[in-house]
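Residue-level structural notes
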Amino acid sequence: MPERVRVSRRMPPGHVRAPAYLRGKTGVVERALGRFANPEQLAYGLPAGKEPLYRVRFTMAEVWGAAAERPDDTIDAEIFAHWLTPVTERQDAP
Amino acid sequence: MSEFDGHRWHDMGGREAGAIDLAQHDYALWEKRVDALMVLASEKGHFTVDGLRRALEDMGEQAFETMSYYERWIAAVNQNLLEAGVYTIEELGRRMEEVQARGATYGEAAEKRDA
Amino acid sequence: MPHDHHDHDHLSPSGHPYRKDQDHPLSYWQTMEIAVRELLVEKGVTSDAEIMAQIDRMDARSPADGARVVARAWTDPEFKARLLADASAASREMGFDIGALRLIAVENTAQVHNVIVCTLCSCYPRNLLGLPPDWYKQRAYRSRVVREPRKVLREFGLELPDDVTVRIHDSTADMRYIVLPRRPDGTEGMDEAALAALVTRDAMIGVGVARMPG
């Protein structure tokens, strides 16, 4: 997994653990946590494959834009790999 | 027309909200029992914590606003146990009726008459 | 009315009786709890003794356990390194019964202040610290602390210097978090037990700091 990642903007219904306030936001992988059973399957009593889970660090500026209380404060969250895509510098432009 | 954009009620990060309420309450015995049933039945493989969260989320915001924490948890535990086939709705309904008939308070109703 | 002595006379490990909730009118959800519990016992899923033991196991956990872990880390640099590498293993090494808890310790420094939340539900390191405070599960904290943490911390009475970075940790999946607070100044001569008494639950969530001695 590359260092910079973006959380998908997908908004499916159902039990997902990628919080809405981080969707579409770009962060940096703080650490890889290993593979964990996919909660989107477990929640419905379905067989669940183990998916890579990452701790991703976001700046307040990235998450809240101009409304950020302090731009360089951060939020770390655990996000499953299927919600993340690698980001290159070029794609970073708005 | 619905203005819902897919952002569900329980997904609270960043939303407007009031002041933090620092009041604290002790747990009652029935609440501790709900907690124990949740831990034991999930350790024994009858549901996952994800299944409980899914049930809590699907109960909706009204339940969050009007029911206490362990009221919601027993509802979610029951939902998952029914789905897992541990007991049937009929068994539950009959037993709840029987429990209610034992007395007007928790102390009375928690006494098992047939024991 | 016959009484179940288990219910009425049982003391928690702290020696306190359970709250007297037995005389309130029976609610629908309490009725469900009794019915579900009896059905689970009759079907052999669990037993009354196992339920009582689980309640005792949970009651025995408290912020004092986390405080002992913190105090050990303050006094033993090698333990602190192990705690920051694998907080579950370090807690088990001290003898704590934390079950399957996967714990990450995040260290406060002169430059960084860490705060724990679960915006999606109420994930908390309960197998080490016991059950979470009510405010941790409520809308206000879960909604606001990721957006305006400094304002929220002020409501808890904590004003952070401008040169400190706030790091919020949102417990969105399988890990749980504990803050390793800074050791207060003026505690150089204190032993582990005295240091542990300075470590509050709020300091380990990050909405407070360790108490000053004296």
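Residues numbered from 1 in each chain as written. Chains lettered and ligands numbered in written order. Predicted model: local features only at pLDDT ≥ 70, side-chain atom pairs only at ≥ 80, totals over all residues. Heavy atoms only, no water.

Before going further, it helps to examine the interface of chain C and chain A. Accessible area lost on assembly of the parts is the figure often given for the size of an interface. On the side of chain A, 23 residues touch chain C, which itself brings 27 residues to the contact. Counting each side, the surface lost to burial between chain C and chain A is near 2,200 Å², with a carbon and sulfur contribution of 46%. Along the contact surface separating chain C from chain A lie two salt bridges. A salt bridge links Asp162 of chain C to Arg70 of chain A; the nearest nitrogen and oxygen atoms lie 3.9 Å apart. Taken together, chain C and chain A are joined by 20 residue pairs in polar contact (both at pLDDT 80 or more). Of all elements in the fold, only helix 10 (149–155) and strand 3 (165–170) of chain C reach the threshold of two or more residues within the side of chain C that touches chain A. Considering every element that reaches the side of chain C that touches chain A, the biggest residue donor is strand 3 of chain C, with six residues. The residue inventory of the side of chain C that touches chain A, partitioned by class, reads 13 nonpolar, five polar and nine charged. Relative to strand 3 of chain C, strand 4 (residues 74–80) of chain A runs parallel, the two being bridged by four bridges. (Contact = heavy atoms within 4.5 Å. Buried area = accessible area lost by both parts, 1.4 Å probe. Salt bridge = Lys/Arg side-chain N within 4 Å of Asp/Glu carboxyl O. Polar contact = N/O pair within 3.5 Å; in protein donor to acceptor, adjacent residues only side chain to side chain. Helix = DSSP H or I, 4+ residues; strand = E, 2+ residues; numbered from the N terminus. Nonpolar A, V, L, I, M, F, W, Y, C, P; charged D, E, K, R; others polar. Pairing = 2+ DSSP bridges.)

Now for helix 5 (residues 89–101) of chain B. A rise of 1.5 Å per residue sets the reference length of helix 5 of chain B, with its 13 residues, at 18 Å; its end C-alpha atoms lie 18 Å apart and thus fit the reference within 8%. Within the sequence span of helix 5 of chain B, burial applies to Leu92, Arg95, Met96 and Val99 of chain B. Down the axis of helix 5 of chain B, the sector holding all buried residues measures 105°, keeping them to one side. Turned more than 90 degrees away from the buried face of helix 5 of chain B sit Glu90, Arg94, Glu97 and Ala101 of chain B, all of them exposed. Contacts from the buried residues of helix 5 of chain B go to helix 4 (69–83) and helix 6 (106–109) of chain B together with helix 2 (28–42) of chain C. (Expected span 1.5 Å × (residues − 1). Buried < 20%, exposed > 50% of the residue type's maximum accessible area, 1.4 Å probe, protein only. Arc of directions from axis to C-beta.)

We now examine helix 1 (residues 29–43) of chain B. Residue and element names in this part refer to chain B. Taking 1.5 Å per residue, 15 residues should reach 21 Å; helix 1 reaches 21 Å between its end C-alpha atoms and fits that length. Counting buried residues in helix 1 gives 13 out of 15 residues, a clear majority hidden from the surface. Immediately downstream of helix 1, the backbone of Gly45 shows phi near 85°, a positive value.

What follows concerns the pairing of strand 3 (residues 50–59) of chain A. Within a regular strand, the side chains alternate between the two sheet faces. Residue and element names in this part refer to chain A. When strand 2 (residues 26–37) meets strand 3, the two strands line up antiparallel, connected through eight bridges. Residue pairing in the sheet places Val28 in a bridge with Arg57 of strand 3. Judged from the seven bridges that link them, strand 3 and strand 4 form a sheet pairing that is antiparallel. In the strand pairing of strand 4, Leu53 is matched with Phe80.

If you add up the space inside the largest pocket, you get close to 1,200 Å³. Contributing to the lining of the largest pocket are 42 residues, with Ser42, Val49 and Arg53 of chain B together with Ala100 and Arg176 of chain C lying nearest its centre. Mapped by element, the contributors of at least two residues to the lining of the largest pocket are strand 2 and helix 1 (39–42) of chain A, helix 1, helix 2 (49–59) and helix 4 of chain B together with helix 3 (48–59) and helix 7 (126–129) of chain C. If one sorts the elements of the lining of the largest pocket by residue count, helix 1 of chain B sits on top with five residues. Split into classes, the residues belonging to the lining of the largest pocket amount to 21 nonpolar, seven polar and 14 charged. (1 Å grid on protein atoms, 1.4 Å probe; cavity = no way out; pocket = protein on both sides within 12 Å on 5 of 7 lines; lining within 4 Å. Points joined across faces, edges and corners; volume = space filled by probe spheres on them.)

Mapped onto the elements, Pro19 of chain A comes out in the loop between strand 1 (4–7) and strand 2. The exposure class assigned to Pro19 of chain A is buried, which follows from its relative accessible area of 0%. Along the chain, Pro19 of chain A and Glu78 of chain A lie 59 residues apart, while their C-alpha atoms are 9.6 Å from each other. Those residues in contact with Pro19 of chain A, other than ones at most four positions away along the chain, are Ile79 of chain A, Asp11 of chain B together with Thr119, Leu120, Asp170 and Thr172 of chain C.

So, on to the environment of Thr187 of chain C. Residues and elements named next belong to chain C. Secondary-structure assignment places Thr187 in the loop between strand 4 (176–180) and helix 11 (192–196). The class of Thr187 is buried, set by a relative accessible area of 1%. Note: C-alpha distance between Thr187 and Thr46 (141 residues apart in sequence) is 48 Å. The residues contacting Thr187, other than those within four sequence positions of it, are Leu195, Leu198 and Pro213. A distance of 2.7 Å separates a polar atom in the side chain of Thr187 from the backbone oxygen of Pro184.

With that out of the way, let us pick up the domain arrangement of chain C. Here chain C is described as being made up of domain 1 (5–59) and domain 2 (63–205). Distance from the C-alpha centre of domain 1 of chain C to the C-alpha centre of domain 2 of chain C: 30 Å. (Domains from an automatic or database assignment.)

Our next topic: the nonpolar core. In summary, soluble globular proteins display a tendency toward joint burial of nonpolar side chains. Ranked by internal contacts, the top residues of the largest apolar core, which has 79 residues, are Leu83, Leu128, Tyr141 and Ile168 of chain C. Excluding anything up to four places from it in sequence, Leu83 of chain C contacts Val69, Ala73, Ala90, Ala105 and Leu180 of chain C. Formed by 40 residues, the second largest nonpolar core is a distinct cluster that contains Phe47 of chain B together with Ile34, Val36 and Ile51 of chain C. (Core = buried A, V, L, I, M, F, W, Y, C linked by side-chain atoms within 4.5 Å.)

One water molecule sets the probe size; rolling that probe over the atoms shows where empty space is left. Summed over the entire model, instances satisfying the criterion amount to five cavities of 30 Å³ or more. Volume-wise, the largest cavity comes out at about 170 Å³. Forming the boundary of the largest cavity are 14 residues, of which Leu56 and Arg72 of chain B together with Leu120, Cys121 and Arg142 of chain C lie nearest the centre. Of all elements in the fold, only helix 2 and helix 4 of chain B reach the threshold of two or more residues within the lining of the largest cavity. Looking at the lining of the largest cavity, its residues break down into seven nonpolar, two polar and five charged.

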